Amino acid sequence: MVALIDCNNFYASCERVFNPSLIGRPVVVLSNNDGCVIARSSEAKKVGIEMGVPAFKAADLFKKHNVAVYSANFALYGDMSRRVMSVLAGFTPNQEVYSIDECFLDLSGIQEDMRWYGLKMKDKVWQWTGIPVGIGIAPTKALAKIANRIAKKYPSQTGGCHVIDSDEKRLKALKWLPVADIWGVGRKSAMKLNAIGVTKAIDFIQLPESWVRKNMTITGVNLQRELKGIPSIDIVELEKAKSFSVTRTFEKEYDTFDEVKERLITFTSLAAAKVRAQQSLCRRMLIFLQTNFYKDSEEQIARSVEVRLPFPTSSTLEIVDFVVAGLKQIYEPHRHYKRAGVTLYDFIDTINLQPALFPEMNSDPRHERLMDAVDRINHRTKGGVRLASMDAKTFKMHRNHLSREFTTNINDILEVKCD
DNA sequence: TCTGGGGTCCTAGGACCC
DNA sequence: TCTGGGGTCCTAGGACCC
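Given the structure is predicted, the values throughout are model-derived calculations rather than measurements.

The rules behind these values
Residues numbered from 1 in each chain as written. Chains lettered and ligands numbered in written order. Predicted model: local features only at pLDDT ≥ 70, side-chain atom pairs only at ≥ 80, totals over all residues. Heavy atoms only, no water. Near = heavy atom within 4 Å. Polar contact = N/O pair within 3.5 Å; in protein donor to acceptor, adjacent residues only side chain to side chain. Helix = DSSP H or I, 4+ residues; strand = E, 2+ residues; numbered from the N terminus. Nonpolar A, V, L, I, M, F, W, Y, C, P; charged D, E, K, R; others polar. Buried < 20%, exposed > 50% of the residue type's maximum accessible area, 1.4 Å probe, protein only. Contact = heavy atoms within 4.5 Å. Phe/Tyr/Trp six-rings, centres within 6.5 Å; stacked < 30°, edge-to-face > 60°. Lys NZ or Arg CZ within 6 Å of the ring centre and 35° of its normal.

Trainee: Explain the protein's contact with DNA strand C to me, please; I cannot follow it from the model alone.
Mentor: Taken together, 15 residues sit near DNA strand C, with Asp101, Lys145, Gly184, Ser189 and Arg308 positioned nearest. For DNA strand C, the backbone makes up 100% of the atoms found within 4 Å of the protein, where backbone means sugar plus phosphate. Here Ser99 contributes a side-chain N or O atom positioned 3.1 Å from a sugar or linking oxygen of DNA strand C. Note that a sugar or linking oxygen of DNA strand C is positioned 2.9 Å from one of the side-chain N or O atoms of Asp101. Elements represented by at least two residues in the surface near DNA strand C include exactly β5 (95–99) and α9 (187–195). Counting residues per element, the surface near DNA strand C draws most heavily on α9, which supplies three residues. In the surface near DNA strand C, the residues fall into four nonpolar, four polar and seven charged.

Below you can see the structure in the form of structure tokens.
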């Protein structure tokens with residue numbers, strides 16, 4: 001059996017852990033720049049605040065319902081996620097952390113009653129972290145996803161944990177679930193399926209494999225098998241990431257080369273640090289910039305370029321030179337830029353590096369120790385050292401409703417007063 | 001005034017190899 | 001008149017996920 005555990009309204013729940021006065025009150029968390037709603041407590045959903053709605057459009061609702069509004073605090077959410085995951089890791093040797101707020105657990109070999117085991121997980125996460133979770137348990141990952149959905153949809157009947165452990169329960173769930181809500185069926189596939197009269201998951205599993213293969217690739221075939229109860233999507237332990245991106249919408253429009261360049265260098269140095277942290281070297285990158293496509297008054301553009309590094313490297317100093325060269329290729333003067341970003345990818349492991357015959361065709365070996373020193377300092381002291389070409393401010397965002405870094409910064413630790 | 005960010009996987013078709 | 005067969009690698013773009 002496989003369990004899928006996911007945190008309820010995760011970001012909103014994180015804010016609530018450290019501020020009990022938010023219990024029972026609608027809570028929303030906004031994206032970077034305080035742009036859109038990206039998380040809502042159940043109370044916030046109830047008063048009609050939609051996912052993804054721009055904050056300025058929901059301002060009236062916020063006011064009317066006394067909504068507690070927060071700027072995204074990823075330092076806090078990331079740390080709370082690690083805590084939740086580590087509690088759950090104690091329930092099986094095989095855990096796949098699937099996203100910041102959910103994971104799969106391989107429960108094969110566990111002798112306990114599944115429902116009891118699931119409820120135990122839920123209680124323990126709640127007690128140790130203060131985060132509420134929903135739990136689905138089933139023979140395959142795709143079915144566990146559905147079980148989880150049922151657990152959340154019917155909390156009073158399921159107690160927040162639903163187990164699919166018989167064909168009867170499986171078929172009942174498949175009759176209930178719209179195809180569009182199957183994990184792995186997105187908008188396009190749902191449209192195709194609806195067009196041929198397939199509306200529920202139960203209809204989907206009856207389609208001939210040839211149709212599924214043709215219209216939804218091998219991914220669809222695997223999905224179909226999973227829903228029939230045949231495991232076809234592996235549970236994979238955390239591997240190294242295959243790419244790292246840092247992209248931002250700016251707080252204002254930038255219209256000089258130097259301003260955009262400074263932002264991209266800052267983004268690159270963050271991405272490169274992640275590459276080094278997982279002992280990888282980067283061989284390619286993508287740089288993009290865009291003007292403000294919400295503005296109709298002028299022509300809007302989006303440009304991107306792929307840059308191949310002449311040698312694999314994780315040195316910020318080296319990568320930055322190629323960022324600037326790439327930017328020169330795509331930068332158009334007299335534009336008002338609103339968004340830009342960099343993606344580093346095509347990694348090899350540091351230990352697998354095959355150096356070129358001539359030294360000048362390799363990454364400068366001295367940078368390895370230099371970057372190591374930089375990373376150590378920055379680990380201890382936030383914003384400790386940076387390139388002179390970077391601004392002192394890492395992200396220039398509006399964050400007007402930011403909570404404290406309760407668990408990662410000693411100066412922000414929660415104080416409790418006792419009378 | 002104001003509109004997010006970060007990932008993975010699959011496939012077709014071109015280029016190239018022997 | 002008639003011109004093989006089998007394979008790998010790369011990449012852009014699509015689809016999907018949270």
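Trainee: Please clarify how the side chain of Asn148 should be interpreted in this entry.
Mentor: By the secondary structure assignment, Asn148 is in helix α6 (residues 141–153). Look at Asn148 and you get buried, because its relative accessible area is 5%. Not counting residues up to four positions away in its chain, the partners in contact with Asn148 are Leu4, Ile5, Asp6, Gly134, Ile135 and Gly136.

Trainee: Help me understand the protein's contact with DNA strand B, please; the structure alone is not making it clear to me.
Mentor: For DNA strand B, the set of nearby residues contains 22 residues, the closest of which are Ser31, Lys242, Ser245, Thr247 and Thr249. In DNA strand B, atoms within 4 Å of the protein come 77% from sugar and phosphate. At 3.4 Å, a backbone N or O of Ile218 approaches a phosphate oxygen of DNA strand B. Measuring from a phosphate oxygen of DNA strand B, one finds a side-chain N or O atom of Lys242 at 2.9 Å. Of all the secondary structure elements, the ones that give two or more residues to the surface near DNA strand B are α11 (209–227), β9 (243–254) and β12 (337–349).

Trainee: What is the right way to look at the environment of Gln157 in this model?
Mentor: With respect to the helices, strands and loops of the structure, Gln157 is situated in helix α7 (residues 155–158). A relative accessible area of 58% means that Gln157 is categorised as exposed.

Trainee: Would you mind going over the packing of aromatic side chains with me for this structure?
Mentor: For any pair of aromatic rings, geometry is given as the distance between the ring centres together with the angle between the planes. All chains considered together, the criterion is met by 17 aromatic pairs. With a centroid separation of 4.6 Å and an interplanar angle of 10°, the aromatic rings of Phe18 and Phe406 are classed as stacked. Of the two residues, Phe18 sits in the loop between α1 (10–17) and β2 (27–30) while Phe406 sits in the segment after α14 (366–380), which places them 388 residues apart along the sequence. Judged by its relative accessible area of 17%, Phe18 falls in the buried class. Judged by centre distance (5.4 Å) and plane angle (80°), the rings of Phe91 and Tyr117 are edge-to-face. In this pair, Phe91 sits in the loop between α4 (74–89) and β5 while Tyr117 sits in helix α5 (residues 114–129), placing the two residues 26 residues apart along the sequence. Residues Phe91 and Tyr117 agree in their burial class; the two are buried. One aromatic cluster is present, built from ring pairs that chain together Phe10, Tyr11, Phe74 and Tyr77. Between Lys141 and the ring centre of Phe104, over which it is positioned, the NZ or CZ distance is 4.7 Å.

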